[in-house]
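Residue strings, one per chain:
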Amino acid sequence: MIRRLLNSSLTHLPVPSLQPPLKTQPKNNFNFFFPILNSTTHNRFSHMGDARRPSPVPIPSLDKADRSELLRALEASLGSSFSSEPLNPNPKPLIIVISGPSGVGKDALISRLRDSRPGIHFVVTATTRPRRPSETDGKDYLFVSKDEFLKMVEKDELLEYALVYGDYKGVPKQQIRDFMAKGYDVVLRVDIQGAQTLRKVLGKSAVFVFLVAESEVAMVERLVDRNTETAESLLVRIGTAREEMKHVKNFDYVVVNAKDKLENAVKLLESIIDAEKAKVRQRTLLM
Ligand SMILES: Nc1ncnc2c1ncn2[C@@H]1O[C@H](COP(=O)(O)OP(=O)(O)OP(=O)(O)O)[C@@H](O)[C@H]1O
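Residues numbered from 1 in each chain as written. Predicted model: local features only at pLDDT ≥ 70, side-chain atom pairs only at ≥ 80, totals over all residues. Heavy atoms only, no water.

The protein carries the name guanylate kinase in an unreviewed UniProt entry, which gives Cicer arietinum as its organism. Word for word, the UniProt comment on the protein under Sequence similarities (unreviewed entry) is "Belongs to the guanylate kinase family." (UniProt positions renumbered as here; feature names shortened; annotations may be inferred.)

*Asks:* Can you walk me through the pattern of salt bridges in this structure?
*Replies:* Where charged atoms of side chains with opposite charge meet at close range, the side chains can pair. Per the stated rule, a full pass over the model turns up 16 salt bridges. Ionic pairing is found between Glu263 and Arg112, a salt bridge with its closest N-O pair at 2.1 Å. Residue Glu263 is located in helix H10 (residues 262-277), and its partner Arg112 is located in helix H4 (residues 106-116); the two are separated by 151 residues in the primary sequence. Between Arg226 and Glu229 there is a salt bridge, with its nearest N and O atoms 3.2 Å apart. (Salt bridge = Lys/Arg side-chain N within 4 Å of Asp/Glu carboxyl O. Helix = DSSP H or I, 4+ residues; strand = E, 2+ residues; numbered from the N terminus.)

*Asks:* I'm lost on the nonpolar core in this one. Help?
*Replies:* One recurring pattern in soluble globular proteins: nonpolar side chains tend to sit buried together. Ranked by internal contacts, the top residues of the largest apolar core, which has 24 residues, are Ile96, Ile98, Leu109, Leu113, Val187, Leu269 and Ile273. When residues of this core are traced back to their parent elements, those giving at least two are strand E3 (95-99), H4, strand E4 (120-122), strand E10 (207-212), helix H8 (216-226) and H10. If we ignore the near neighbours within four places in the chain, the residues touching Leu113 are Ile120, Phe122, Val187, Leu269, Glu270 and Ile273. Grouped together as the second largest cluster of nonpolar side chains are 19 residues, Ile95, Met180, Ala206 and Phe210 included. (Core = buried A, V, L, I, M, F, W, Y, C linked by side-chain atoms within 4.5 Å. Buried < 20%, exposed > 50% of the residue type's maximum accessible area, 1.4 Å probe, protein only. Contact = heavy atoms within 4.5 Å.)

*Asks:* What am I meant to see in the pairing of E3 here?
*Replies:* In summary, the side chains of a regular strand alternate between the two faces of the sheet. For E3, the buried fraction is high: five of the five residues fall into the buried class. The side-chain alternation of E3 yields two buried faces, one formed by Ile95, Val97 and Ser99 and the other by Ile96 and Ile98. Across four bridges, the pairing between E3 and strand E9 (residues 185-189) is parallel. Along E9, the bridge assignment pairs Val97 with Leu188. Sheet topology places E3 next to E10; four bridges connect them, and they run parallel. Each bridged residue has a counterpart across the sheet, and for Ser99 the counterpart in E10 is Phe210. (Pairing = 2+ DSSP bridges.)

*Asks:* Even after reading the chapter, I still don't get the packing of aromatic side chains, so can you show me in this structure?
*Replies:* Any pair of aromatic rings gets described here by the distance separating the centres and the angle formed by the planes. Within the structure shown, the criterion is met by six aromatic pairs. With centroids separated by 5.3 Å and ring planes inclined at 80°, the aromatic side chains of Phe179 and Tyr184 adopt a geometry described as edge-to-face. According to the relative accessible area criterion, Tyr184 is partly exposed, its value standing at 29%. Geometrically, the ring pair formed by Phe210 and Phe251 is edge-to-face, given 4.8 Å between the ring centres and 80° between the ring planes. One end of the pair, Phe210, is in strand E10; the other, Phe251, is in the loop between helix H9 (231-244) and strand E11 (253-256), and 41 residues separate them in sequence. (Phe/Tyr/Trp six-rings, centres within 6.5 Å; stacked < 30°, edge-to-face > 60°.)

*Asks:* Just to check I follow, could you spell out the sheet that holds E3 for this structure?
*Replies:* Strands belonging to one sheet form pairs held by backbone hydrogen bonds; the direction of such a pair is parallel or antiparallel. Pairing is parallel in the open sheet, where five strands are placed in the order E4-E9-E3-E10-E11. Unpaired on one side and paired on the other, E4 and E11 mark the two borders of the sheet. Within the sheet, the average angular offset between the axes of one strand and its neighbour, ignoring direction, is 25°. The strands that H4 touches are E3, E4, E9 and E10; relative to E9, the one it contacts most, it runs at about 160°. (Axes fitted to C-alpha atoms, helices over the stretch in contact; angles between N-to-C directions.)

Encoded structure:
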């Protein structure tokens, strides 16, 4: 058994594997002798008596031996070879839900994240809202008719959906499954109503991030400057945003997107994702 143990781990060792006591050891690279002492081998051999104990394994002098020689000697001493398998296996794909009041900068944040993180799939939400000139079908949203949308609802193809400011918006399930199966993290951009529904559906299996402006006035200015709303819809959005701020407690993280500091918000969001990926207990998708 000893021979087998030593043979398996010492096959590449250069010279002195076994016997000579320290005093008679000729001058060479090996100036330490360690018995094989790890707990497994100790237990395995302790009942055998001295005659069958493994012989000491020489560890080469640290200043003279090359690294691979040293590693092989350490392996021999420990009775097992060092594994090159990753010590921290690949983290599980993550679902990140980004939400926040209207005009706070969700699209702007996601657009920056898209540039900096190629391993993320940004779920394309289906909507019945008319396309804005700057938007591309299939990239920004899946623009569908009301009939098409209601068919998706009927077939249970949406993870959540809602009527938002008179238009339907919904998250296609299959898209999430497909990308997570390929190892992608998935980002969902939903309004607060959608985030609440997703929390019920996904529970703790997703990370919920609430994006806010630094102040209410900053948020309103941003909405006004965007120049996409009528006076009426502005009033509705601002009123809703005030109510929505109360839901922050249902989220895992708050990210402040301060005026002209979008880059800081992106960095914070990236840190959140990195921290989540480093968690010992990873979230498991319930869907
Ligand atoms: N940190 C920032 N500083 C200044 N302007 C910003 C910042 N972040 C976003 N904006 C601008 O604010 C406006 C609103 O941003 P965006 O459309 O991303 O908001 P949103 O949360 O996606 O809104 P909605 O929910 O209504 O679609 C845009 O014109 C955007 O360029």
